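One letter stands for each residue in the lines below.
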Amino acid sequence: MSGQNVSRRRFISEASAGAAVAVTAGVVGACGDVVKKADKLAALGGTPVRTEPYPKWPQPTTAIEESLVSTFRSGSWGRRLGEGRHGVGQVGLFEKRFAELIGTKHCLATGSCTQALHTALHSVGVGAGDEVLVTPCTYIASIQAVLLCDALPVFVDVDIDTFQMDPDKIEPLVNENTRAVEPVHIGGLPCDMGRIMAVADKHDLKVVEDAAQAHLAEFKGKKCGTFGDLGCFSFQTSKVIACGEGGAIVGNDEEVMEKCYAFHNIGMGTTRGSVGIGTKYRMNEFEAAVLNPQFATLPEQTQTRNENAAYLARRLEEIPGIAPQKLHDGFTKGAYYIYGFRYQKEHFNDAPKEKFLRALRGEGLRFTTMYFDQLNTQPFIENALNSRTFQKVFSTERLNRYREQNHCPSNDQLHAEGVWLPQYAFLGSKKLMDEIADAMVKIHDNRDQLAKL
Ligand SMILES: *Cc1c(COP(=O)(O)O)cnc(C)c1O
């Protein structure tokens, strides 16, 4: 696309963004091009691009309120047991509907996705001395779930463009103790599950998908969470279907799901007999009562987020140094729990990310950098390696080799460059998308001011 087209597109979108936008004071050149605009960054006392709050999340609807009150009055507050796997209460109803929505035979609700991941890994057979391939670009819970199984989380570096576990980097890390791979659909965008499943099949690895951010996301028309042995979801407050704290495991294998049920139910299977070791990870009726009415809103909200994200991506194309999380070929739908992009400082006079973030905040935008932590180098890893259990279960030679190989340079780069916008912004109007893009255009145009922040 020619520079002139880009400029014209920028001009049109800014001109249509209305009086609330403070960046329309640009000088229009002779051929209609917008030339660099002198404006003051809001963080330095200028007028912010956006002043209104983002759409509210979570959404306390009347339907949820009524559902909660009715559960409260029923006196049935804990999961209804003893009536088959699902029981008859709100939790049972939720499990049936969620399995149907995602397209698996079974669903088991849990108290969180952390619990779901621990349960799932345990139930596919991950245990002491095993190794699980993980990604460093995720929430700490994905890694803690592996440690809870007394297994070694082996970090696979990310693809710098998609932010996902790089399928090409999996195979060199596989050894005779590798039991499973745990892909995370980060950002609510699907991993390349075709290539990940191919490596997993070749080496006979179990696959537990962390789909905590990826409700209704699809790879080649198939939903995230349905590719591997088990898929895990979160319903924590910030997630796209939310109840405070909650999680679920989906899968098709009756026997593995029965293992999950027993593990989450202090070792007791659906027939109530004690069959194995277990903890208590049950979802309660109130959580399911909050979730059930959201089946009516999730598909449409997902559609809105996809449309807004596609629109924003087109607007961001015009800004040098803003590189959105890339959609690979198999992408068919996103959940857009968060919308990620890389801030490339070389296009912003080398101003560090912190200054860019200060400028963004000043213009009225909200964001997080949470999932761009360098989990592979955080102290909890070294502390786990030095724990009595790990010292007993893994050889000194293995742990030393682990320390030597535990490098993820692409993820380090993501840590330095990555920014996420929250999903509820994408429930807003096109105007909000324009304001997000306008704020970044403004910061880019006035990048010489970033040094003063
Ligand atoms: C939120 C999240 C989790 C943990 O979910 P909880 O329900 O909070 O336990 C795990 N993995 C990822 C990628 C997440 O975003």
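Just so we're clear, the structure is a prediction, and the values are computed from it rather than from any experiment.

Student: Just checking my understanding: could you explain the sheet that holds strand β6 (residues 218-219) for this structure?
Tutor: Strand pairing in a sheet is mediated by backbone hydrogen bonds. Such pairs are either parallel or antiparallel. Here we have three strands laid out as an open sheet, ordered β7-β6-β11, and antiparallel in their pairing. Each end of this open sheet is capped by a strand with a single partner; those strands are β7 (222-223) and β11 (331-333). In this sheet, β7 lies alongside β6 in antiparallel orientation, the contact comprising two bridges. In the sheet register, Phe219 faces β7, and the bridge partner there is Lys222.

Student: How should I be thinking about the site of the ligand in this particular structure?
Tutor: Taken together, 16 residues surround the ligand, and among them Thr114, Asp210, Gln213, Ser234 and Lys239 come closest. Contacts to the ligand include Cys113, whose backbone N or O atom sits 2.8 Å from an oxygen atom. Listing elements by their share of the shell around the ligand, those giving two or more residues are α4 (113-123) and α5 (140-148). Within the shell around the ligand, the residues separate by chemical class into six nonpolar, eight polar and two charged.

Student: Whenever I open this one, the pairing of strand β9 (residues 247-251) confuses me. Can you help?
Tutor: Remark: a regular strand shows side chains that alternate across the two faces of the sheet. Among the five residues that make up β9, five are buried, leaving the element largely enclosed by the rest of the structure. The alternating pattern of β9 places Gly247, Ile249 and Gly251 and Ala248 and Val250 on opposite faces, both of which are buried. With five bridges joining them, strand β1 (residues 106-110) and β9 adopt antiparallel strand pairing. Looking at the pairing, Ala109 lines up with Ala248 of β9. In the sheet, strand β8 (residues 230-234) pairs with β9 via five bridges, with the strands oriented antiparallel. Of the residues in β9, the one forming a bridge with Cys232 is Ile249.

Student: How should the pairing of β1 be read in this particular structure?
Tutor: Burial within β1 is extensive, with five of its five residues counted as buried. The two faces of β1 match: His106, Leu108 and Thr110 on one face and Cys107 and Ala109 on the other face are all buried.

Student: Got a minute to help me understand the sheet that holds strand β13 (residues 418-422) in this structure?
Tutor: Taking strand neighbours across the sheet as the criterion, the three strands line up as β10-β12-β13 in an open arrangement whose pairing is antiparallel. Whereas interior strands pair on both sides, the edge strands pair on one side only; in this sheet they are β10 (322-324) and β13. If you compare each strand with its neighbour and ignore which way they point, the axes differ by 35° on average. As paired strands, β10 and strand β12 (residues 338-343) are joined by three bridges and run antiparallel to one another. By the bridge assignment for β12, Pro324 is matched with Phe341. Packed onto the sheet, helix α9 (residues 298-316) meets β10, β12 and β13 and runs at close to 10° relative to β12.

Student: When you look at the confidence of the model for the chain in this model, what are you seeing that I'm missing?
Tutor: Low-confidence regions, as indicated by low pLDDT, have predicted coordinates that should not be scrutinised in detail. Averaged over all residues, the pLDDT of the chain is 92; the fraction at 70 or higher stands at 91%. Note that residues 1-35 has pLDDT below 50 and, in this model, 49 contacts with residues that lie over four places away or in other chains.

Student: How should I be thinking about unusual backbone geometry in this particular structure?
Tutor: For residues that are not glycine, phi is negative in most cases, and the peptide bond is trans in most cases. With omega at -5°, the peptide bond leading from Trp57 into Pro58 counts as cis. In this fold, Pro58 is placed in the loop between α1 (3-16) and α2 (62-74). For Asp150, which is not glycine, the phi dihedral falls at a positive 60°. Tracing the sequence through the fold places Asp150 in the loop between α5 and β3 (152-155). Its identity as a non-glycine residue notwithstanding, Lys220 has a phi of 50°, on the positive side.

Student: What is the right way to read the packing of aromatic side chains from this model?
Tutor: Inspection of every chain in the model, using the stated rule, returns 22 aromatic pairs. Ring centres of Phe219 and Phe227 lie 5.8 Å apart, and the angle between their planes is 70°; this geometry places the pair in the edge-to-face category. Taking the relative accessible area as the measure of exposure, Phe219 reaches 4% and is therefore buried. Taken together, a centroid distance of 5.2 Å and an interplanar angle of 20° make the contact between Tyr339 and Phe426 stacked. With Tyr339 in strand β12 and Phe426 in the loop between β13 and α15 (430-445), this pair connects stretches of sequence that are 87 residues apart. Taking relative accessible area as the criterion, Tyr339 reaches 4% and is therefore assigned buried. Over the aromatic face of Phe227 sits the side chain of Lys222, whose NZ or CZ is 5.1 Å from the ring centroid. The ring centre of Tyr311 lies 5.4 Å from the NZ or CZ of Lys430, which sits over that ring.

Student: Can you help me understand α5 in this one?
Tutor: Spacing of three or four residues puts side chains on the same side of an α-helix, whose turn is 3.6 residues. Every buried residue of α5 is listed here: Ala141, Ser142, Ile143, Ala145, Val146 and Leu147. Taken together, the buried residues of α5 touch α4, β2 (131-134), β3, β5 (206-210), α11 (379-385) and α12 (388-393). Phi turns positive one or two residues past the end of α5, at Asp150, with a value near 60°.

Student: Just checking my understanding: could you explain the pattern of salt bridges for this structure?
Tutor: Two side chains bearing opposite charge may form a pair once their charged atoms approach each other closely. Taken as a whole and judged by the stated rule, the model has 18 salt bridges. Two residues, Arg398 and Glu131, come together in a salt bridge whose shortest N-O distance is 2.6 Å. Separated by 267 residues along the polypeptide, Arg398 in helix α13 (residues 396-405) and Glu131 in strand β2 bring together distant segments of the chain. Here Arg398 falls in the buried class, since its relative accessible area comes to 8%. Residue Arg315 pairs with Glu318 through a salt bridge whose shortest N-O separation is 3.4 Å. Accessibility expressed as a relative area gives 4% for Arg315, which makes it buried. If you follow the salt bridges from partner to partner, you end up with Arg50, Glu52, Lys431 and Glu435 in one network.

Rules of the game
Residues numbered from 1 in each chain as written. Predicted model: local features only at pLDDT ≥ 70, side-chain atom pairs only at ≥ 80, totals over all residues. Heavy atoms only, no water. Pairing = 2+ DSSP bridges. Helix = DSSP H or I, 4+ residues; strand = E, 2+ residues; numbered from the N terminus. Near = heavy atom within 4 Å. Polar contact = N/O pair within 3.5 Å; in protein donor to acceptor, adjacent residues only side chain to side chain. Nonpolar A, V, L, I, M, F, W, Y, C, P; charged D, E, K, R; others polar. Buried < 20%, exposed > 50% of the residue type's maximum accessible area, 1.4 Å probe, protein only. Axes fitted to C-alpha atoms, helices over the stretch in contact; angles between N-to-C directions. Contact = heavy atoms within 4.5 Å. pLDDT = per-residue confidence, 0-100. Phe/Tyr/Trp six-rings, centres within 6.5 Å; stacked < 30°, edge-to-face > 60°. Lys NZ or Arg CZ within 6 Å of the ring centre and 35° of its normal. Salt bridge = Lys/Arg side-chain N within 4 Å of Asp/Glu carboxyl O.

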